[in-house]
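The chain contents come next:
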Amino acid sequence: MRLVSTLATAAALLVAAPALAALAPGAKAPDFTTRGAIAGKVFTVHLAEQLKKGPVVLYFFPAAYTGGCNAEAHAFAEAIPAFTKAGATVIGMSADNVETLSKFSAEKCAGKFAVASAGPNVVKGYDVALGKQMAGRDITKRTSYVIAKDGRIAFVHDEMNPEAHVSTTLAAVQKLTGK
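All figures in this text were calculated on a predicted structure; none of them were measured in a lab. (Residues numbered from 1 in each chain as written. Predicted model: local features only at pLDDT ≥ 70, side-chain atom pairs only at ≥ 80, totals over all residues. Heavy atoms only, no water.)

1. Here's the deal with the overall build of the chain
- For the chain, the count of helices and strands is six helices and nine strands.
- Long-range pairs, those at least 24 residues apart, make up 67% of the contacts in the chain with a sequence separation of at least 6. (Helix = DSSP H or I, 4+ residues; strand = E, 2+ residues; numbered from the N terminus. Contact = heavy atoms within 4.5 Å.)

2. A closer look at the sheet that holds strand E1 (residues 33-38)
- Read from one edge to the other, the open sheet built from seven strands follows the order E2-E1-E5-E4-E3-E8-E9, with strand pairing classed as mixed. Edge positions in the sheet fall to strand E2 (41-46) and strand E9 (153-158), since each has one partner strand and no second. Strand after strand, the sheet turns through a mean of 25° between neighbouring axes, direction not considered.
- Bridge analysis of strand E3 (residues 56-60) against strand E8 (residues 143-147) gives five bridges, and the strand direction is antiparallel. Across the sheet, residue Val56 finds its bridge partner in E8, namely Ile147.
- Packing against the sheet, helix H3 (residues 67-85) makes contact with E3, strand E4 (89-94) and E8, and its axis sits at approximately 175° to E3. (Pairing = 2+ DSSP bridges. Axes fitted to C-alpha atoms, helices over the stretch in contact; angles between N-to-C directions.)

3. With respect to the packing of aromatic side chains
- Per the counting criterion, the structure on display carries eleven aromatic pairs.
- Each member of the aromatic cluster is reached from another via a ring pair, and the members are Tyr59, Phe61, Tyr65, Phe76, Phe83, Phe104 and Phe113. (Phe/Tyr/Trp six-rings, centres within 6.5 Å; stacked < 30°, edge-to-face > 60°.)

4. Some remarks on the packing of H3 against helix H6 (residues 165-177)
- Viewed as axis vectors pointing N to C, H3 and H6 meet at an angle of 25°, and their least axial separation amounts to 9 Å. On the basis of the axis angle, H3 is roughly parallel to H6. Between H3 and H6 the crossing geometry is right-handed. Residues Glu72, Ala75, Phe76, Ala79, Ala82 and Phe83 of H3 pack against His165, Val166, Thr169, Leu170 and Val173 of H6.
- Class assignment of the residues belonging to the contact of H3 with H6 gives a composition of eight nonpolar, two polar and one charged. (Parallel < 35°, antiparallel > 145°, perpendicular 65-115°, else oblique. Left-handed = near helix turned anticlockwise from the far one by under 90°. Nonpolar A, V, L, I, M, F, W, Y, C, P; charged D, E, K, R; others polar.)

The following block contains the structure:
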């Protein structure tokens, strides 16, 4: 009976623990090209091009216009001056379509950073599939990556609660760049 209780407790702890992202620090970030928007204007987002400018914070969020995602976008928008000072570019990513993200970029991101559509290959490459759907489309986990200029993952924050994504990624960027 004690063994069954111990196994049940261990199983409960495993289920309750946050999932770890597949891409660990040091791994090569998968390059991609997709469509995104900033301040409502649609453009092409190519990770390799963004990395030429410096580190990139690539933050995946489940779905535009949901409570946690709205709050996270607002928090990133407020922190853009600090990310810029540290030399980083912020790009939000979700499986939403570009039309939705175009509006979201202007309204919830205050036009301060790009949001882009994460297609199935990007979702798989970054291991951010949540395995759930909303309004008939797949949604992603809330995972933030700091990608160094050399294209390697420098930091990962994989937590569905949006609260610490901005502060932890900003600290990682500042540590990485020394700014």
